[in-house]
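# Overview (structure and organization)
The chain contents come next:
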Amino acid sequence: MTSRWIRITLAALTVAGLSACGDDTKTASPQPSVGSASSAATVTGDVTVFAAASLTESFKTIGKDFEAANPGAKVTFNFAGSSALATQINQGAPADVFASAAPANLKTVTDAGGAEGTGTTFVKNQLVIAVPKGNLKGIKTLADLTKPGVKVALCAEQVPCGAAAKKALDTAGVKITPVTLEQDVKAALAKVKLGEVDAALVYRTDAKAAATDVDGIEFPESAGAINDYPIIVLKKAKNPAGAQAFVAYVLSDKGKAVLTSAGFQAP
Amino acid sequence: MPIVDKAGEVAPPRRQRIPLGLLVPAGLGLLFLTFPLVGLLVRAPWTTLPQRLTEPGVLTALLLSLQCATLATVVCVLFGVPLAWLLARVEFPGRRLVRALVTVPLVLPPVVGGVALLLVFGRRGLLGEWLDTTFGITFPFTTTGVVIAEAFVAMPFLIIAVEGALRGADSRFEEAAATLGAGRWTTFTHVTLPLVAPGVAAGAVLCWARALGEFGATITFAGNYPGTTQTMPLAVYLALETDLDAAIVLSLILLTVSVAILAGLRDRWITSP
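For clarity, every value in this text was computed on a predicted model and none was experimentally measured.

The subject of this paragraph is the overall build of chain B. Each helix and strand counted, chain B has 13 helices and zero strands in total. Along chain B, helices and strands appear, N-terminal first, in the series α-α-α-α-α-α-α-α-α-α-α-α-α. By principal-axis analysis of the C-alpha atoms, chain B measures approximately 60 × 60 × 30 Å. Within the span of chain B, comprising 273 residues, buried residues form 39% of the whole. For chain B, restricting intrachain contacts to residue pairs at least 6 apart in sequence, the fraction spanning at least 24 positions comes to 72%. Entry remark: accessible area of chain B is about 15400 Å², with carbon and sulfur atoms responsible for 71%.

In this section: the sheet that holds strand β10 (residues 227-233) of chain A. In a beta sheet, neighbouring strands pair by backbone hydrogen bonds and run either parallel or antiparallel. Residue and element names in this part refer to chain A. Across the sheet, five strands lie side by side as β2-β1-β3-β10-β4; this open sheet has mixed pairing. Whereas interior strands pair on both sides, the edge strands pair on one side only; in this sheet they are β2 (73-80) and β4 (120-125). Averaged over all pairs of adjacent strands, the angle between strand axes in this sheet comes to 20°, irrespective of strand direction. Across the sheet, helix α2 (residues 56-69) touches β1 (45-52), β2, β3 (97-99), β4 and β10, and the angle it forms with β2 is around 170°.

Right, let's talk about the state of the cysteines for a bit. Taken as a whole and assessed by the stated rule, the structure comprises one disulfide over all chains. For Cys-155 of chain A, the disulfide goes to Cys-161 of chain A, at an S-S distance of 2.0 Å. Its S-S torsion of about -100° marks the bond between Cys-155 of chain A and Cys-161 of chain A as left-handed, since a negative value means left-handed. For the pair Cys-155 of chain A and Cys-161 of chain A, one class covers both residues: buried. Not part of a disulfide, Cys-76 of chain B finds its nearest cysteine sulfur in Cys-207 of chain B, a span of 3.5 Å. Assessed through its relative accessible area of 0%, Cys-76 of chain B is described here as buried.

Scoring rules and cut-offs
Residues numbered from 1 in each chain as written. Chains lettered and ligands numbered in written order. Predicted model: local features only at pLDDT ≥ 70, side-chain atom pairs only at ≥ 80, totals over all residues. Heavy atoms only, no water. Helix = DSSP H or I, 4+ residues; strand = E, 2+ residues; numbered from the N terminus. Buried < 20%, exposed > 50% of the residue type's maximum accessible area, 1.4 Å probe, protein only. Contact = heavy atoms within 4.5 Å. Areas by Shrake-Rupley, 256 points an atom, 1.4 Å probe, with all protein chains shown as cover. Pairing = 2+ DSSP bridges. Axes fitted to C-alpha atoms, helices over the stretch in contact; angles between N-to-C directions. Disulfide = S-S within 2.5 Å.

None of this, on its own, says anything about what the molecule does.
Next up, the structure:
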C-alpha cells in the first residue's frame with residue numbers, strides 16, 4: 001500500500017516538474033537595467049500589481065529594478081487578460097496597482113468605484129501578424145490571412161487584443177474566419193509557437209518576446225487600432241505609498257527604457 | 001429515505017440516533033458544496049433572465065456541450081472498461097505503474113493536458129503530423145478535438161470506478177463460468193459485465209459530469225470557436241471577461257441541465273451494491 005502511494009506521488013511530482021519546465025518562454029526578458037530609482041525617498045512593504053498579460057516580460061524586469069531601488073519593497077504580480085483582472089478587482093481581489101491593456105477595462109474598475117480618474121497612459125501597443133519562424137505560408141499582408149488553407153487564431157473580442165484585431169480588420173475591410181478565438185494574447189501566440197495555426201494577430205511586444213519561435217509582420221492597418229495602456233493606483237490599495245512609487249517608476253525614464261526595448265511605443 | 005430490501009419492500013424504519021460525529025461534518029460538507037451554488041442563485045439577474053436565455057449562441061453552446069460530453073463518455077467506456085478489467089483481473093509486471101499512469105490526467109492541470117495533447121495530436125505533434133500528411137486529418141479546432149480533450153481528462157474517473165467495482169465483485173461467479181467451459185471473453189460479456197454494470201454506470205456518470213465541465217484542456221487543445229468548439233464552460237469563461245451576469249446565467253443553465261440529467265439517471269441506474 002505504502003509503495004503504491006509513493007509511486008503515485010512520484011508520478012505526480014514528475015508531471016508537476018514537467019509542467020514547470022514548459023513555461024520557459026515567459027521568463028525571457030529584455031536586458032535588465034539594474035540601478036537605483038530616480039525618486040529620492042525609498043518605499044517599503046508589499047506592492048501588488050495586477051497587469052495585462054502583454055506586460056509580463058517588461059513588468060517583471062521593472063519589478064526587479066524597483067525592488068533593487070527600494071530594498072524594503074516587494075512587488076507581486078498578477079498577470080492575466082485585462083478584463084479578467086478588472087473582474088477580479090471588482091470582486092475584491094487585493095490589488096494596489098492596475099495596469100490595463102485598454103482604457104475600457106480600466107473604466108470597468110473606475111465605474112465600480114475601484115479607482116478615480118482615467119489613469120495615466122504609459123505606453124501604446126500595436127498589433128502585428130505573428131507567424132511561425134520561417135513564415136512558410138509566405139504571409140505578408142492582412143489580406144493574406146483570408147487565403148484558403150491559412151489557419152488564423154484571433155483573440156476573443158471580449159479581451160483587448162481581440163477588440164483591437166476587430167478594429168484593425170474592420171478598418172482594413174478584411175474579413176477573416178479564424179479557427180479559434182483565444183482567451184488572451186499569450187494563448188493566441190502559443191498556438192503560433194506550436195505551429196497549430198499559420199498566423200495570429202498579437203501585440204508587437206508579444207511577437208518580440210517570442211522572437212525565437214515567431215516572426216512578427218507589421219501591417220499598416222494596425223495604426224488604426226493602437227491600444228493605450230493606462231496605469232492607476234486603486235482606491236483600496238493596502239500600500240498606497242508603495243503603489244504611487246511603483247507607478248512613478250514605470251513612468252520614469254528607467255521604466256520607459258525597459259518598456260521601449262520590449263517593443264512598446266511611448267504614449 | 002426508507003430502507004429498501006432486495007425484494008423491493010420497504011423495511012420498517014428503525015429509529016436510531018445519527019451520531020453527531022457524523023452528522024455535523026456531513027452537514028458542513030453539504031453546505032460547503034452547495035454554498036457556491038447559492039451564491040450563483042442569489043447573484044443571478046432574474047429580471048433579464050428570459051432575454052438572456054434566448055440569446056443566440058447559448059443553445060448552440062449547450063447542445064455542443066451535451067453532445068461532446070456524451071461522445072467522450074462513449075469513448076471512455078469503450079476503452080476504459082477493458083483497461084479497468086486488465087488492471088483488476090490480470091497480473092502483469094508493472095501493473096502498479098500502469099495504474100499510477102492512468103491517474104496522470106487527474107493530477108495534470110488540464111491546461112497542461114491540453115498542451116500535451118497538442119504535442120501528440122497537434123499539427124506538428126508526434127502522431128498528428130503523420131495523420132495530417134498521410135490522411136489530411138487534424139484534430140485541433142474541431143469538435144473531434146473537444147471530444148478527445150474531454151475523454152482524456154474524464155477517462156480516469158471511469159477506470160477508477162470500474163476497477164473498484166471489479167475488485168469488489170465476487171470472482172467466484174467468473175470462476176464458476178470458467179469451470180463450466182466459458183472462455184475469458186464469454187465470461188467477461190456474460191458474467192463480469194452484468195455483475196459490475198452499476199459500477200460502470202456510476203463511472204460513466206462521473207465521467208460524463210467531468211467531461212461536461214471540462215475547460216482547460218478543451219480551450220488549449222481544441223480552441224474556442226462558436227458552433228464547433230465553444231462548449232458552455234468556454235462560453236462562461238469568455239462571458240466573464242465582460243459580463244458577469246451573462247456568465248452567471250450560462251453557469252446556471254449548465255448546472256440546471258446537468259443536475260436534472262444526473263438526478264434523473266441516478267436512481268434508475270445506480271444502485272449501490
